[in-house]
Amino acid sequence: MTNENTSKGKVFSPSRTVWRTQMEKGIYTPHRVSHITCIVNALLSEKLSVFLKDLGVIVYIENGRVEREIVKPRPFNLPGEISKLQDTPVDVFRLTVPRENSKEVVNCIIELTGLDIPGRGTIFSQDLMEFSKEPPSINLNFLSSQTPKDFKDILLNKLSYVICVLSIPHSSEMLSKVALDLGICVPFVTYGTGNYLRDQMGLIRITISADKEIVHLVMPEHDSESIIRILIEHGHLDRPGMGFIYQTPVSMGLLDTHLKIGSQKYAASIEQIIAAIDQLKSGTSWRKRLDTDQQNKKAGKSMLPQDNCEISIISEEERIDMLREACLKVGATGAITSRVTPIVGNDEGGIASNMIRSAISVPANITDNVVDKLLEASTIKDEITDHIHVLDSPAAYVHSL
Amino acid sequence: MLKRIKVPFRDATMMLSEYAWTRIFDQIKSVAFIIIYLIVFQTLILRVPLANALATAGGIALVVFGLAFFLEGLVLGLMPLGERVGVKLPTRVGIAIIAIFGLILGFGATLAEPAISALRTAGSTVTAWDSPLLFMLLDQYTELLVLSVGIGVGIAVSLGMFRFYFNLRIKPFILTIIPILLVLTVWFSLDKTLSALIGLAWDCGAVTTGAVTVPLVLALGIGVSRAASKGKGTSSGFGVVLLASAFPVLAVLILGLILNSKSPDATTEKEFFSPAGREKALVLFGTEEKLRQHAFTHGSEEGRRAFYDDEETYTNTLLSIQDDENLRSSLLGTLTLQSWIVNNASDSERGLLSGVELKEDKISSAPFGKTIKEEGIAGARAVIPLSLLLLLVLLAFLREKLRYKDEVALGIFFTLIGMTLLTSGIKLGLASLGGEVGAQLPRAFASEEKYIDRIVIHNFDKALLYNTIDHTGTQKTYFNLAEDEKIKPVEFLESRYDETDRVYEHIITQAPLFGSQLTVLGIILVLLFAFGMGYGATLAEPALNALGMTVESITVGTIKRKQIIQVVSVGVGIGILLGISRILFDIPLVWLIVPSYVLLIPLTIISDDEFSAIAWDSGGVTTGPVTVPLVLAMGLSIGGALNISDGFGVLALASAYPIITVLLFGLIAQAKQRRSLTTQNTEEND
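Residues numbered from 1 in each chain as written. Chains lettered and ligands numbered in written order. Predicted model: local features only at pLDDT ≥ 70, side-chain atom pairs only at ≥ 80, totals over all residues. Heavy atoms only, no water.

### Concerning empty space enclosed by the protein
Residue and element names in this part refer to chain A.
Piece 1. As enumerated under the stated definition, the model contains eleven cavities of 30 Å³ or more in all.
Piece 2. A volume near 220 Å³ is recorded for the largest cavity.
Piece 3. Together, 25 residues line the largest cavity, and Ile163, Tyr246, Glu310, Arg357 and Ala359 are the ones closest to its centre.
Piece 4. Looking at the lining of the largest cavity, the element that brings in the most residues is strand S13 (residues 355-363), giving four residues.
Piece 5. Residues of the lining of the largest cavity, tallied by class, amount to eleven nonpolar, ten polar and four charged.
Piece 6. Taken as a whole, the second largest cavity encloses approximately 150 Å³ of empty space. (1 Å grid on protein atoms, 1.4 Å probe; cavity = no way out; pocket = protein on both sides within 12 Å on 5 of 7 lines; lining within 4 Å. Points joined across faces, edges and corners; volume = space filled by probe spheres on them. Helix = DSSP H or I, 4+ residues; strand = E, 2+ residues; numbered from the N terminus. Nonpolar A, V, L, I, M, F, W, Y, C, P; charged D, E, K, R; others polar.)

Structure (C-alpha cells):
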C-alpha cells in the first residue's frame, strides 16, 4: 500500500509489506481507512462530540492547546510592538472512517464547527491501515441526512503532518514560536510520556523527565523537510536526549490560518490573502520558499532522514504495557504515550475512560515484525475500542545512542 | 529486556549537578521574595537590626534545600504512588471499599500531620473568662478536637472518591455544604459562647490537608477519576481538598454544640477569678494551681487581685516570684519572669517589683540538633504511615507491581528528608525572622511608648548628672550610661531614684515608629505588610506548587503553574490583610467570612466546572508550613499589643480569598477563550 501523496514516490513502503504479510497469514484482516484528526477550540467540543456520536463512530479525544502569537502595540505610544504567545485550550478528536466516506465526514465537521473560519481549528485526513475488531462503521443514514457544503475549494492536499517530541519541559513554546514566525501553521501541543531512554539508565534516570511535550504541525509537503531542519536546529534535536521529529503524509486538510492576533492594517489579513491564492493555485506548491538541497548540504550526514513507519496503538491502560513490551522484543523503541478519552457511537457507558494511545516511530526494516508481534499480543479480536494503525513515515529524525 | 546504558561517571555527575541545581534554584526563586521582604521591612522600615543573622541564614538555607527535596520527593514517589493506587482501586474493588479506603486515608493523614498544634499556638492568647468554650476545646478536649477534624477529613476524602466514581459534578457539593456552614456560622454568631468557636472552626478547615496530604489526595483523585468514570470521563481529580477543608469546619461546629452544655458562660475577668466564681472556673481548670497560672499568664492585675482576694497574700506572692523557683514556674509556666514583667505585668506590679533585682533568666534558643531531631520525628510521622498504607494497598491488597520501585523509594526518602529540613529551617530561620518582624509591628500603629525593659543601677552618684537646655529654654538632666562598650545619654528622672539605697531604675521604652500622631499611617503600613507577607509566603508553599504542577499537566499548559501560584498568592495576601484588619479593628469574624463565601456562590455558579474545582481546592492548599508560622507570629503580636484574645480567623480568610481570585481568573480565561472563537476582525481594532 503506497501513500498517494508522497512527492518522492518511494518504491519501498513498509505499510505495504505489512499488508501483504497479514493478508497472506489471514488471521488479522487490515482495513483501509481514513484517519481524521480534528483540532477544535474546546468550546466547540460538545457540539462535535454529539455529532460524532450520532454518526456512530469511535472517537478518541485528547486535551491540548494551540499557540498563537499576539501582537500588541507598546503602551504609551512607544515605537514597536510587543509579541507573545497566547494559549487556547483545544480538544483533539481522532476517528477512523471508511475511505469512501472520509470527504463527506470532513465536510460535515467543517460545516458544523465552522472550521472554515480562521481561529476555529484544523482538520486533516490520513489514509492508513487499521487493525481492529471490526472495520470502522458509520451511520450512513445519519450521514446522508446531512447536506454539508463541499469545501473542495479550500481543502488542501499535499500536506505533511510533522510531530516533534520534546524532552525538555517548556521547550514547546520555543518551537511553536519558530513555527509561527515561519508562518507554517498554528501549532498544537499535547503532552505525553516516554520512558525508553530512561528505562535503560538505572536510577540516574531521575535526571531525565519522562514527560514529553509534543508539538504537532501540519504544513505543505514541499517545504516540510526544510522546515524540519530548521526546527531541529532551533530545538537542538540533533543532540541526544533532546527529542525527535518525524513526519507522516496527509491526504487532505484544512489548516487554521489564524496565526497572529493583533491589529490589522489592511482590508484583508495576510492569512486571507494566502488562502485566496491557495484557492486560485489549487494547492500550496506556490508557497515553496526554502531550498531543500542547500539545507541538506548544511545538515550533513548527522541527521539524515530515516525511512520509518508510525505505529499507533490504542488500548486500555492495563494492556498497553504488555503491547509495548511486545514491540520492544523486536527492537521497536521510543513509544510516546498519551491519555485519550473514547466516545463510542450511541453507547452511553461501559467504556473505560483510561485509554492510552501509544505512538511508535519504527524503522522500516522491522515494521513487519513489530506489527506481527503486536497483533499476537493484542486483544483486538475481543475489544471494540482497541486499534492498531500503521502509516508510512518517510522522514524521521531520531538521534540514536 | 532492555540493554542497560552505562553512563560514564563524569556525565552522570554533570547530569546530577544540573538536575540538582535547577531544582534548588527554583526554590531559591520561590522563597527569595519573602526573605528579602522580611529583611528589608525589619532593617529599613522598622529600623531594627537582625538578631542571630547567622542562625537565620542557616535556617533559610535549610528551607531552600528542604523545599527542593520535598517537591522532588512528591514528584518521584508519593504522587505516582497515589495515582497508581487511584487508577487500580476502581478496577478491582467496588465503591464501598474505595470509600472506606478514603476514610482511613483522610483520618490517618490528619493524625499524621496534626496542624492542630499550629492552632494551639493561635489559641495561646485565648482567655478562659471571655471564651470558655473555646478555651475548653483547646485545653481540655484537644484530642477530641483532633479526632473530630480527622473524621471530617476522612468523610471528605471518602465523599470525594464517591464523586469521582460516579462522575458527579462538584457544584452541587459546593452549593450544599457551603450554605450549611454559613447558616451554622451565622447562628453561632448570635450566641456569645458559641460565637468564639467560629474562628477556630474555620481555621481548622484552613490548616488541615497539609503539605503531604494534599498532593497525595490530588494524585489519588486523578487516578480514581480516570479509572472509575464511565463514558465521558473526567481527567480532573480536583475537589477533594475543598471537601477536606469544609467538613472539618462542620465537625468542629458540631463538636462545639455538643460541648456547649458543659462549658460555663462567659463572664468578666474579675468575676471569673473571684472566690464566688471559683466553682465554675474550676470546670475549665480542674485545680486552683492551674487557675492561678492562667491569671498570671493571661489575666491582668484585676484578675490576679480577684483570685487572691487579699492584698497581703497577693503582694507577698509577687515579691516571692524572683527567689522561689517553684512558685515562679507554678505561676508563670514556661514564661520567664523578664518577659512576664515586660508583657503581662501592670505598671503597679512593675513598680512593686522595681526594687527587686532580676537574676538573669537563662533563655536558651532551640539547639540545632534537637530541632532537626524533633522535626525528623514529626516528618517521619507525617510521611511514613501514609506511604506504607498506600504500598500495602497496592502490593498486598491490589496485588499490583510497582514499575519503578527504586524511584518511588527514593521519592519517599526525599520527601522525608525534605520535610525534616523544611520544617527545621522554618523553625530556626523563617519563623524566627517573621517573629522578629511581627514583634516590632505594633510599633507602627502605637501612639504611646512601649515598656521594653529596665536596668537597676546601684551606687548611683548624682555627681554624674549634667544639665542640658533645648531651644525653648527647657532644661533636662542627663547622665551617661555605658552599655556594651558604648556610651549612651539617658534622661534622669527623680521619681526613679531611691535616695536611701542610691539605686536608680532606668526604664527602657520603645517609641512609636511614626510618632504618636501618625497611627493611621502605621495601620496602613501594617496592612500592606500583611498583604506582602501573605503573598510572599504563599509563593513558597510546597502544596501549592504541587497543585500548580497538576493544573498545568491537566490543562496541557493552558494554565501555567506560575500563573496559578501568582493568582493564589494574591488571594492569600488579600485574605491575610483582611484577617489582620479584623484583629486591628476587632471586627467579628462572621462579618468577614460570611460575605466572602456568599460572594463565592454566584461566582461558582457561573464558572466552568473544572475551574470551580481547581479554585476551591486552591483555597485548601494555602496556609501550609511556610505561611502558618509567619501569620501566627504576626497575629499574636498584634493581638497581644491590642489585648485581643481571639487570634483566630486570619487563616480562614487566607483560605477564602484565593478561591475568589482563582474563580475570577478562570472567568477571564473563559472570556478570552470565547473571544478567540470570533473571526479575526472583531477583536483587533484598537
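Having put the structure on the table, let's press on.
### Concerning the nonpolar core
Piece 1. Counting 191 residues, the largest nonpolar core has Leu200, Ile580 and Tyr597 of chain B as the members making the most contacts within it.
Piece 2. Residues contacting Tyr597 of chain B, with those up to four places away along its chain left out, are Ile178, Leu182, Trp202, Trp616, Ala656 and Ile659 of chain B.
Piece 3. Counting residues in each nonpolar core, the second largest holds 30 residues, with Cys38, Ile110, Leu115 and Phe142 of chain A among its members. (Core = buried A, V, L, I, M, F, W, Y, C linked by side-chain atoms within 4.5 Å. Buried < 20%, exposed > 50% of the residue type's maximum accessible area, 1.4 Å probe, protein only. Contact = heavy atoms within 4.5 Å.)

### Here's the deal with the pairing of strand S7 (residues 211-220) of chain A
Residues and elements named next belong to chain A.
Piece 1. With nine of ten residues buried, S7 lies mostly within the body of the structure.
Piece 2. Two strands pair when backbone bridges link them, and strand S5 (residues 159-166) and S7 are joined in this way by eight bridges, in the antiparallel orientation. Residue pairing for S7: Val165 is matched across the bridge by Ile214.
Piece 3. Bridging between strand S6 (residues 188-193) and S7 involves six bridges; their strand directions are antiparallel. Bridge pairing in S7 links Val189 to Val215. (Pairing = 2+ DSSP bridges.)

### Notes on the pattern of salt bridges
Residues and elements named next belong to chain B.
Piece 1. Inspection of the entire model under this criterion finds 30 salt bridges over all chains.
Piece 2. Measuring nitrogen to oxygen at the nearest pair gives 2.7 Å for the salt bridge that ties Glu301 to Arg305. One end of the pair is Glu301 and the other is Arg305, both in helix H15 (residues 301-308) and four residues apart, which spans about a single turn.
Piece 3. Judged by its relative accessible area of 30%, Arg305 falls in the partly exposed class. (Salt bridge = Lys/Arg side-chain N within 4 Å of Asp/Glu carboxyl O.)

### A short note on helix H17 (residues 325-332) of chain B
All names here are of chain B.
Piece 1. Taken residue by residue, H17 has Leu327, Arg328, Ser330, Leu331 and Leu332 as its buried positions.
Piece 2. Those residues of H17 that are buried are in contact with helix H14 (288-297), H15, helix H16 (311-320) and helix H18 (337-343).
Piece 3. Of the residues flanking the start of H17, the one acting as N-cap is Asp324, its side-chain oxygen 3.2 Å from the backbone nitrogen of Asn326.
Piece 4. In the stretch just after H17, Gly333 is the one whose phi turns positive, near 65 degrees. (Polar contact = N/O pair within 3.5 Å; in protein donor to acceptor, adjacent residues only side chain to side chain.)

### So, the packing of aromatic side chains
All names here are of chain B.
Piece 1. Applying the stated rule across the entire model yields 34 aromatic pairs over all chains.
Piece 2. Between Trp202 and Tyr597, the aromatic rings sit 4.8 Å apart at their centres with planes inclined by 40 degrees, giving tilted as the arrangement. With a gap of 395 residues between them, Trp202 in helix H9 (residues 197-207) and Tyr597 in helix H26 (residues 589-606) connect regions that are remote in the sequence. In this pair, the class of Trp202 matches that of Tyr597, namely buried. (Phe/Tyr/Trp six-rings, centres within 6.5 Å; stacked < 30°, edge-to-face > 60°.)

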